[in-house]
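Single-letter residue listing:
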Amino acid sequence: MLLGLSLFYVGAVLILNGLWMLGRIGEREITIINLCTGGLTLLVCLRLALGADADAASIRAAAFSLLFSFTYLWVAWNRLTGADGRGLGWFSLFVAITALPIAADTLRTADSTWDWWLGLSWAAWAVLWLMFFLLLAVHRPIARATAWMAIVQGMGTAWLPGYLLLTGALY
């Protein structure tokens, strides 16, 4: 259920960050969803890594999920401080590179539709984080494409699966 909770709000933040990048949401407003989602996923990760029932699998899941938490908290920090985003861009490259072997390992050991979905989602997230690197650190003019990628991925890789997990349609 924690995965459904996290994915549901990751979907929201990706969609809203995409809309923000398209100029549909103001600079000052976008901070709250990034703080809340970053904080929520951070709490989930702490529970997974430090809870009484923590094991190697839950600690690994927490480590990988923290990539999302730190991204959203960093977006919020940049909005609050007026930082230019270059640091977040370089962090996004680290995350994109990290997400590739996660995707490959997940796909290599996939034995269910859910595992295949998760592996393909990690590959898609690697592309999105790479786009954020190119946009923020290298200053490529891909803001519109990155915004639309965030919106589409927010719906397909996070919000819808999160919703389906929370309602019991997926387990």
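Preceding this section is the structure that the text describes.
Residues numbered from 1 in each chain as written. Predicted model: local features only at pLDDT ≥ 70, side-chain atom pairs only at ≥ 80, totals over all residues. Heavy atoms only, no water.

K.L.:
Any chance you could explain unusual backbone geometry here in plain terms?
P.N.:
A positive phi is found at His139, a non-glycine position, where the angle reads about 60°. Tracing the chain through its elements places His139 in the loop between helix H5 (113-136) and helix H6 (143-166). According to the relative accessible area criterion, His139 is exposed, its value standing at 53%. (Helix = DSSP H or I, 4+ residues; strand = E, 2+ residues; numbered from the N terminus. Buried < 20%, exposed > 50% of the residue type's maximum accessible area, 1.4 Å probe, protein only.)

K.L.:
Could you clarify how one ought to interpret the state of the cysteines in this entry?
P.N.:
Two cysteines, two sulfur atoms, one covalent bond between them: this is a disulfide. Taken as a whole and assessed by the stated rule, the structure comprises 0 disulfides. Here Cys36 stays unpaired: no disulfide links it, and the sulfur of Cys45, its closest cysteine neighbor, is 16 Å away. Take Cys45: its relative accessible area is 1%, and that puts it in the buried class. (Disulfide = S-S within 2.5 Å.)

K.L.:
I would appreciate a short explanation of the environment of Ala126 in the present structure.
P.N.:
Looking at the element boundaries, Ala126 is found in helix H5. In this structure Ala126 comes out as buried when scored by relative accessible area, which is 4%. Taking C-alpha positions, Ala126 is 8.5 Å from Ala103, a pair spaced 23 residues apart along the chain. Not counting residues up to four positions away in its chain, the partners in contact with Ala126 are Ala96, Ala99 and Leu100. (Contact = heavy atoms within 4.5 Å.)

K.L.:
Before we go on, may I ask you to explain the packing of helix H1 (residues 2-21) against helix H3 (residues 56-81) in this structure?
P.N.:
Geometry of a packed helix pair, given as the angle between the helix axes and the separation of the axes. At a minimum axis distance of 12 Å, the contact between H1 and H3 shows a crossing angle of 35°. Read as a crossing pair, H1 and H3 show a hand that is left-handed. Listed contacts from H3 to Val10, Val13, Leu14, Asn17 and Trp20 of H1 are Phe68, Tyr72, Val75 and Arg79. Tallied by class, the residues present in the contact of H1 with H3 amount to 7 nonpolar, 1 polar and 1 charged. (Axes fitted to C-alpha atoms, helices over the stretch in contact; angles between N-to-C directions. Left-handed = near helix turned anticlockwise from the far one by under 90°. Nonpolar A, V, L, I, M, F, W, Y, C, P; charged D, E, K, R; others polar.)

K.L.:
Explain a nonpolar patch on the surface to me, please; I cannot follow it from the model alone.
P.N.:
Side chains of Val152, Met155, Trp159, Leu160 and Tyr163 sit close together on the surface and give an oily, nonpolar patch of about 460 Å² of accessible area. With respect to the helices and strands, the residue Met155 is situated in helix H6. Classification of Met155 as partly exposed rests on a relative accessible area of 40%. (Patch = residues over 30% accessible without salt bridge, like charges linked within 9 Å, V, L, I, M, F, W, Y side chains within 5 Å. Areas by Shrake-Rupley, 256 points an atom, 1.4 Å probe, with all protein chains shown as cover. Salt bridge = Lys/Arg side-chain N within 4 Å of Asp/Glu carboxyl O.)

K.L.:
Before we go on, may I ask you to explain the pattern of salt bridges in this structure?
P.N.:
In a structure, side chains of opposite charge can pair up when their charged atoms sit close to one another. Applying the stated criterion across every chain yields a total of 4 salt bridges. Across the salt bridge formed by Arg79 and Glu27, the nearest N and O atoms sit 2.6 Å from each other. Pair noted here: Arg79 is in helix H3 and Glu27 is in the loop between H1 and helix H2 (30-50), with a separation of 52 residues, a long-range link. Given a relative accessible area of 26%, Arg79 falls into the partly exposed group. Asp84 is the partner of Arg86 in a salt bridge, and the nearest nitrogen-oxygen pair spans 2.6 Å.

K.L.:
Would you mind going over the side chain of Ser6 with me for this structure?
P.N.:
Within the secondary structure, Ser6 sits in helix H1. With a relative accessible area of 11%, Ser6 lands in the buried category. Residue contacts for Ser6: discarding those within four places in its chain leaves Thr41 and Val44.

K.L.:
Which parts of the structure should I look at to understand the packing of aromatic side chains?
P.N.:
In this description, an aromatic ring pair is defined by two values, namely the gap between the centres and the angle between the planes. This structure, assessed with the given rule, holds 13 aromatic pairs. Between Trp122 and Trp125, the ring centres sit 5.2 Å apart and the planes meet at 85°, which makes this aromatic pair edge-to-face. Of this pair, Trp122 and Trp125 both sit in helix H5, separated by 3 residues, roughly a single helical turn. Each member of the pair, Trp122 as well as Trp125, is classed as buried. These aromatic residues form a ring-pair network of at least three members: Phe64, Phe68, Tyr72, Trp114, Trp117, Trp122, Trp125 and Trp129. (Phe/Tyr/Trp six-rings, centres within 6.5 Å; stacked < 30°, edge-to-face > 60°.)

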